[in-house]
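If you want the building blocks of each chain, they are given just below.
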Amino acid sequence: LKMFCFYLPLHLLMVACLCHSIKAPTTRSQSLKTDLFNFYHSLILADGKETTIHLLKDIPKRYYFVLEEGRALAPFTIRVTPCDVPIEWSILAYKASASFLGKAGQGDHDTQEMSKSQKSPSMVSTIFNYKGNSVETYMGMSSHSALYMLEFLSTERDTHITVYLTTDTTSGHLYPELPMDPRIDVIGIGHTTVTLSWKHSPSVLQHRENIQYCLLVNEKHNYKSLCAAETAIRSSGMKLPPTLALSLSPYLLEPQQVMILSNSELTIINKVSSGEVRQICMGTRNTYTVPSLSPSTQYYFDVFVVNLLTNASAAYTGTFARTLEEPEPKVMELKDRKVTHIVLDGKKQKSYSLQYQARHKKIQFTFQLCRGQVQVHITKNGKTVALENISELRSFSLKGKLLDTYVVHMRSTEQSNSSVKVQVSPHFHKPLFPLLPESLKIKSFSKLRTCNSVTIAWLGTQEESKYCVYKKRIEEDQVWMELQSMDRCSGPESRHKSEKVLCKYFYDVNVQRAVTTETIRGLDAGTLYLFDVYLFGPSGIPIRYHSKVVKTRKKC
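Residues numbered from 1 in each chain as written. Predicted model: local features only at pLDDT ≥ 70, side-chain atom pairs only at ≥ 80, totals over all residues. Heavy atoms only, no water.

**Thoughts on the overall build of the chain**
Filter applied, for reference: Secondary structure elements are defined from DSSP: runs of H or I of at least 4 residues count as helices, runs of E of at least 2 residues count as strands, and each element is numbered from the N terminus. A contact between two residues is defined here by any heavy atoms of the two lying within 4.5 Å.
The helix and strand tally for the chain stands at nine helices and 36 strands. Counted over contacts in the chain with a minimum sequence separation of 6, partners at least 24 positions apart contribute 74%.

**Thoughts on the packing of aromatic side chains**
For the record, the criterion: Any Phe, Tyr or Trp ring, taking Trp's six-membered ring, that has another such ring centre within 6.5 Å forms a pair; planes under 30 degrees apart are called stacked, those over 60 apart edge-to-face, and the others tilted. We call a residue buried when its accessible area falls under 20% of the maximum for its residue type, exposed when it is over 50%, and partly exposed in between, using a 1.4 Å probe and counting protein chains only. Consider the ring centre and the ring normal. A charge sits over the ring if Lys NZ or Arg CZ is within 6 Å of that centre and within 35 degrees of that normal.
Here the structure, examined in full by the defined rule, presents 20 aromatic pairs. Both rings, one in F367 and one in F396, keep their centres 5.8 Å apart while their planes meet at 75°; by these two values the pair is edge-to-face. Taken together, the residues span a long stretch of sequence, with F367 in strand β23 (residues 362-371) and F396 in strand β26 (residues 394-399) at a distance of 29 residues. Given the relative accessible area of 0%, F367 is considered buried. Between W458 and Y467, the aromatic rings sit 6.3 Å apart at their centres with planes inclined by 50°, giving tilted as the arrangement. A single burial state applies to W458 and to Y467, both of which are buried. The ring of F396 carries the charged tip of R394 above its face, separated from the ring centre by 4.3 Å. In this structure, K466 is placed above the aromatic ring of F536, and the distance from its NZ or CZ to the ring centre is 5.5 Å.

**Here's the deal with the pattern of salt bridges**
The condition is simple: Whenever a carboxyl oxygen of Asp or Glu lies within 4 Å of a side-chain nitrogen of Lys or Arg, that contact is scored as a salt bridge.
Summed over the entire model, instances satisfying the criterion amount to 14 salt bridges. When the shortest N-O distance is used, the salt bridge between E151 and R62 registers 2.6 Å. Of this pair, E151 sits in strand β8 (residues 146-153) while R62 sits in strand β3 (residues 61-65); the two residues are 89 residues apart in sequence, bridging distant segments of the chain. Here E388 makes a salt bridge to R394, at a shortest N to O gap of 2.8 Å. Of the residues examined, E388 reaches a relative accessible area of 28% and is grouped as partly exposed. Through salt bridges that share partners, R495, E499, D532 and R544 make up one connected network.

**Focus on the environment of F433**
Topologically, F433 is positioned in the loop between β28 (418-426) and β29 (443-444). Considering only alpha carbons, one finds F433 and Q423, ten residues apart in sequence, at a separation of 9.5 Å.

**Some points on the sheet that holds strand β10 (residues 184-189)**
Put simply, the rule reads: Two strands are counted as paired when DSSP detects at least two bridges linking them. Axes, fitted as lines to C-alpha atoms, cover a helix only where it is in contact. Angles between the N-to-C directions of the axes lie from 0 to 180 degrees.
The strand order across the open sheet built from three strands is β10-β11-β16, with neighbouring strands paired in antiparallel fashion. Among the strands making up the open sheet, the edge pair consists of β10 and β16 (287-290). For this sheet the average axis-to-axis angle between neighbouring strands, irrespective of direction, equals 25°. In the sheet, β10 pairs with strand β11 (residues 194-198) via five bridges, with the strands oriented antiparallel. Of the residues in β11, the one forming a bridge with I184 is W198.

**Quick notes on the sheet that holds β29**
In spatial order, the strands read β29-β30-β33; together these three strands make up an open sheet with antiparallel pairing. Of all strands in the sheet, those with a lone pairing partner are β29 and β33 (515-520), marking the two edges. Where β29 meets strand β30 (residues 454-459), two bridges bridge the pair, whose relative direction is antiparallel. What sits directly across from K443, in β30, is A457.

**Examining the nonpolar core**
As a reminder of what qualifies: Residue types Ala, Val, Leu, Ile, Met, Phe, Trp, Tyr and Cys, when buried and joined through side-chain atoms within 4.5 Å, form a set referred to as a nonpolar core.
F365, F367, I378 and M410 are the most contacted members of the largest nonpolar core, which totals 23 residues. Mapped by element, the contributors of at least two residues to this core are β21 (340-344), β22 (352-357), β23, β24 (374-380), β25 (383-390), β26, β27 (405-412) and β28. Not counting residues up to four positions away in its chain, the partners in contact with F365 are L334, Y356, I378, R394, S395, F396, L398, Y406, V408, Q423 and V424. In terms of nonpolar packing, the next biggest core, distinct from the first, is built from 22 residues, Y63, F65, F152 and V163 among them.

**Some points on the side chain of Q423**
Its place among the elements puts Q423 in strand β28. Excluding residues that lie within four positions of it along the chain, Q423 makes contacts with R337, K338, V339, Q364, F365, T366, L432 and F433.

**Describing a nonpolar patch on the surface**
Heads up, the condition is: To count toward a patch, a residue needs a relative accessible area above 30% and no salt bridge. Like charges then connect within 9 Å, nonpolar side chains (Val, Leu, Ile, Met, Phe, Trp, Tyr) within 5 Å. For the area figures, the Shrake-Rupley method with a 1.4 Å probe applies, and any residue is considered shielded solely by the protein chains shown.
A cluster of nonpolar residues, V186, I189 and L324, forms a patch on the protein surface that exposes about 220 Å² of accessible area. Mapped onto the elements, I189 comes out in strand β10. Residue I189 is classed as partly exposed on the basis of its relative accessible area, which comes to 41%.

**Observations concerning the pairing of β11**
The buried fraction of β11 amounts to five of the five residues, a majority that puts the element mostly inside the structure. Burial of β11 is two-sided: the residues V194, L196 and W198 facing one way and the residues T195 and S197 facing the other way are all buried. In this antiparallel pair of consecutive strands, β10 and β11, the connection spans four residues. With four bridges joining them, β11 and β16 adopt antiparallel strand pairing. Opposite V194, over in β16, you have V290 as the bridge partner.

**Quick look at empty space enclosed by the protein**
Short version of the rule: Put simply, the grid is 1 Å and covers the protein atoms alone, a cavity is a trapped set of points that fit a 1.4 Å probe, a pocket is an open set with protein on both sides within 12 Å along at least five of seven lines, and lining residues have an atom within 4 Å of a point. Grid points are joined across faces, edges and corners, and a volume is the space filled by probe spheres set on the points. Residue polarity is assigned by list, with Asp, Glu, Lys and Arg as charged and Ala, Val, Leu, Ile, Met, Phe, Trp, Tyr, Cys and Pro as nonpolar; anything else, Gly included, falls into the polar class. Either an automatic procedure or a domain database provided the assignment from which the domain bounds are taken.
Throughout the structure, instances matching the rule amount to five cavities of 30 Å³ or more. Here the largest cavity defines a volume of roughly 90 Å³. Q368, L369, E392, L393, L440, R488, I543, R544 and H546 together form the lining of the largest cavity. When contributions to the lining of the largest cavity are tallied by element, the ones reaching two or more residues are β23 and β35 (542-544). Partitioning the lining of the largest cavity into residue classes produces four nonpolar, two polar and three charged. Residues lining the lining of the largest cavity come from more than one domain, with at least three contributed by each of domain 3 (331-426) and domain 4 (442-551).

**Let's talk about the side chain of S197**
With respect to the helices and strands, the residue S197 is situated in strand β11. Setting aside residues up to four positions removed in sequence, S197 forms contacts with R183, I184, D185, I187, N286 and T287.

**Observations concerning the state of the cysteines**
What we call a disulfide is simply a covalent bond connecting the sulfur atoms of a pair of cysteines. Heads up, the rule is: Note on terminology: pairs of cysteine sulfur atoms within 2.5 Å are recorded as disulfides.
Under the definition given, this model contains five disulfides. The disulfide that involves C83 links it to C227, with 2.0 Å between the sulfurs. With the S-S dihedral at roughly -95°, the linkage between C83 and C227 falls on the left-handed side. Of this pair, C83 sits in the loop between β4 (73-82) and β5 (87-95) while C227 sits in helix α7 (residues 226-235), and the two are 144 residues apart along the sequence. The two residues C83 and C227 agree in class, both being buried. Disulfide partner of C468: C503, at an S-S distance of 2.0 Å. Looking down the S-S bond of the C468 and C503 bridge, the torsion is 110°, so its handedness is right-handed.

Take a look at the structure:
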């Protein structure tokens with residue numbers, strides 16, 4: 001060991017001397033001997049680079065660094081970023097007497113002389129220590145006769161950290177600078193939005209093309225660093241590529257992730273167990289309105305200024321805000337047997353409420369969907385009794401007590417507007433809408449098509465009812481728009497008289513045989529037609545079957 005120490009490079013001479021001193025048999029040096037052994041088995045920390053270090057629970061990890069040869073005194077900076085749980089870390093300085101270093105440098109192997117040098121042993125001192133999960137920076141002065149050791153310890157669980165050491169103060173900053181006041185200001189709060197503002201980073205003003213701001217939004221807590229946020233997202237069970245939201249690289253997203261890129265703004269939504277975490281990068285704008293939040297919900301906001309060349313980031317002081325409560329929707333009273341037509345705004349996703357006080361123990365709510373799709377939520381005295389998405393005619397028969405209060409909440413489940421007709425009536429009352437067949441689909445028979453005729457069929461019921469058939473000639477590029485814009489609540493009164501084909505009555509006591517067919521003649525060859533069937537009940541209110549598009553044969 002003694003010979004090995006003297007063959008080390010000159011800039012690690014300090015390590016050689018300390019290694020040699022371990023052989024001294026004095027009792028006074030036993031504790032130092034252990035420290036130096038640990039020191040000797042540490043790793044060298046790279047200068048000018050960010051190093052990721054993985055820590056095992058309760059097992060300390062040590063790194064050291066020395067200055068280059070010929071530098072008597074120079075500043076150095078150490079920045080440690082915990083990426084998960086709080087950690088403990090400290091900086092220890094090892095110093096030795098000049099005479100001891102001189103003898104070691106001359107290769108004097110005299111045991112007696114080395115024993116004498118033990119009277120002026122190396123000095124070990126702790127110059128800095130910290131415990132927590134904040135990003136911490138230490139700035140100091142280093143001497144060529146001193147060698148520094150960094151010790152890191154996690155007592156909670158396995159974790160990882162990043163460490164940045166630099167002794168070159170003349171080069172540019174790896175990390176973007178924060179302003180003197182790094183706080184985020186909440187300048188506006190709405191039901192579904194929060195507007196934030198923060199002071200510009202000096203780095204943005206100097207290197208605008210290489211710097212950008214990224215915002216993190218979540219419902220759990222603030223994060224003190226970007227790596228802490230990414231660790232939290234990964235621990236929720238997701239595979240998150242490093243700095244996914246910052247690099248703008250075409251990573252393949254996980255099923256729990258949604259990427260939105262619009263107006264030079266990148267948004268990544270990560271679906272996690274505690275809700276969702278949004279990462280929004282908006283260039284160098286320092287004011288931003290966060291959209292599409294939930295009412296009456298507390299959100300935490302963190303802003304990071306990011307160097308796009310190095311992916312290094314600095315965190316502003318996080319803030320939080322609670323969105324405003326959603327205003328109570330206006331409640332409209334429902335009356336027995338009266339039909340109420342409601343139009344629901346799909347873009348604003350506003351709900352609409354109807355209230356009804358029961359005058360009978362058994363009642364029936366009937367919903368006829370006219371356009372789109374609607375979620376229906378019925379409560380009785382504040383408790384849910386029905387919750388369902390409806391796409392056609394749907395009835396709910398409910399039983400309760402006299403004067404029970406029912407509230408019907410409705411909202412569109414689509415981005416476009418939806419509309420629905422609602423009726424409530426006593427259960428024993430003659431229904432407003434007719435008895436419906438098992439399916440409202442119209443079937444056409446391909447083999448029975450000719451150049452001027454089409455045969456269609458539809459299901460009936462056990463109740464004698466009136467059925468009217470209508471046809472409309474359409475172009476191929478009009479099919480999608482025609483079906484999308486169709487109002488399923490509109491009756492034959494909205495159709496042109498020339499579109500009417502026929503009306504007929506039929507029923508069958510055996511529901512399995514309640515099927516009727518009709519051949520429509522006088523059509524043009526190779527032409528598209530849209531066919532509709534309307535079913536009329538006792539009240540005269542029509543139910544429209546699903547439209548059917550059929551094309552006549554071009555050649556016969």
